[in-house]
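Report on the structure
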Amino acid sequence: MLIDTHAHIYLDAFDEDRALVIQQAKKAGVKHIILPNVDNDTTKAMFTLEESDPSFFHSAIGLHPTSVNHEYKKELTKIKHSLDENSFCAIGEIGVDLYWDKTFINEQIKVFEQQLKWAIEYNLPVIIHVRDAFPEALRSIERLNCPQLHGVFHSFSGNLKDAQSILNLKGFKLGINGIVTFKNSDLKNTLSQIPLENIVLETDAPYLSPVPYRGKRNEPKHLLEIVAKLAEIYNESTDNIIKKTGENALQVFKSIIFAPERNDTN
């Protein structure tokens, strides 16, 4: 089962040809697409897309770290309302990002930990975004010290030590996208030492297009390029890569086999 565990095709980058992108994704064999939220401004578009095909699209809810600012409490209140009123497959994408701006680092950590607590409360997996902040994110998870926490470290591009730290948490998978196809990425060497059972596929569309589409808008159909690269790394057939990563995704996102019930589209 080919599953894109992370795509933002509700964004305006797809407004001109979204139907075609969906059609081509299904033609490529994609069976499910998980739609992580960014902030409260993106929820309406995300819900609308999910409702167009609820057996194919599955919404997650969360406040992205780069959307955290001095009004974070107000944003979290809205997120909590959505959690109480609707069904989601995960909480995400959430995390810590110190690449662009460190102004709200303390607020980012507070927001991250609050949403981790909600994941525990609602028994949902988390989709974690980390950029230039791996130690900070790891400390937050360890501080909560809850074996129930599980999910995906989205867009993993770290080294073997980082990967082992994540896998030592138990219950977490590595989200692998187009980065693994980049010539300047050492990710393929890291993954060669990580069992395939720890990996799920994602595109992060419209971002991070794999080779040979690098620099162009990414789409869920490009999962096949990632599959091909993983088949090379693991010396497995593409069918086996699809089968095993699909099974891995279903372990994390168990609810995606059920159509969600949406009560409030705001």
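Per chain, residue numbering runs from 1 following the sequence as it is written. Per-residue local features of the predicted model are confined to residues with pLDDT of at least 70, and side-chain atom pairs are confined, for both listing and counting, to 80 or more; whole-chain, interface and lining totals are unaffected and use all residues. Hydrogens and water are ignored here; the side-chain numbers use all heavy atoms of the structure.

1. A few points about the layout of surface pockets
The following threshold applies: In this analysis, the protein atoms alone were mapped onto a 1 Å grid. Cavities are point sets where a 1.4 Å probe fits without being able to get out; pockets are open sets with protein on both sides within 12 Å along at least five of seven lines; lining residues have an atom within 4 Å of a point. Grid points are joined across faces, edges and corners, and a volume is the space filled by probe spheres set on the points. Put simply, DSSP H or I for four residues or longer makes a helix, DSSP E for two residues or longer makes a strand, and each gets a number counted from the N terminus.
Here the largest pocket defines a volume of roughly 790 Å³. As for the largest pocket, its lining consists of 26 residues, of which Asp97, His129, Val130, Arg131 and Ser155 are closest to the centre. Counting residues per element, the ones that place at least two in the lining of the largest pocket are strand E4 (90-97) and strand E5 (126-131). With 3 residues, the top contributor of residues to the lining of the largest pocket is E5.

2. Regarding helix H6 (residues 160-167)
For clarity, the cut-off: Burial classes follow relative accessibility: with a 1.4 Å probe on protein chains only, a residue under 20% of its type's maximum area counts as buried, one over 50% as exposed, and anything between as partly exposed. The arc refers to the directions leading from the helix axis to the C-beta atoms. Whether two residues are in contact is decided by their heavy atoms, any of which lying within 4.5 Å being enough.
Among the residues of H6, those classed as buried are Asp162, Ala163, Ile166 and Leu167. All buried residues of H6 fall inside an arc of 130° around its axis, so they share one side. If you follow the buried residues of H6, they end up packed against helix H5 (134-144), strand E6 (151-153), strand E7 (172-176) and helix H7 (187-191).

3. Overview of the packing of aromatic side chains
For clarity, the cut-off: Here a Phe, Tyr or Trp ring, Trp counted by its six-membered ring, pairs with any other such ring whose centre lies within 6.5 Å, and the pair is stacked when the planes are under 30 degrees apart, edge-to-face when over 60, and tilted otherwise. By the criterion adopted, a ring carries a charge over it if an Arg CZ or a Lys NZ lies within 6 Å of its centre and within 35 degrees of its normal.
Counting across every chain of the model gives 5 aromatic pairs. With 5.9 Å between their ring centres and 35° between their planes, Phe47 and Phe88 make a pair best called tilted. With Phe47 in helix H2 (residues 43-52) and Phe88 in the loop between helix H3 (72-85) and E4, the pair connects residues that are 41 residues apart, well separated along the chain. Comparing Phe47 with Phe88 shows no difference in burial state: the two are buried. An aromatic cluster of three or more residues is present, and its members are Phe134, Phe153 and Phe172. The positively charged end of Lys26 is found above the aromatic ring belonging to Phe56, 4.8 Å away from the centroid. The ring of Phe182 has Arg214 sitting right over it, with the charged end atom 3.6 Å from the ring centre.

4. So, the pattern of salt bridges
The criterion, for reference: The working definition used for a salt bridge is a side-chain nitrogen of Lys or Arg within 4 Å of a carboxyl oxygen of Asp or Glu.
Taken as a whole and judged by the stated rule, the model has 10 salt bridges. Where Arg18 meets Asp15, a salt bridge forms, and the shortest distance between an N and an O atom there is 2.7 Å. By relative accessible area, Asp15 is classed as partly exposed at 48%. One salt bridge in this structure joins Lys229 and Glu232, with 3.2 Å as the shortest N-O distance. Linking Lys229 with Glu232, this pair stays in helix H8 (residues 223-234), spanning 3 residues, or about one helical turn.

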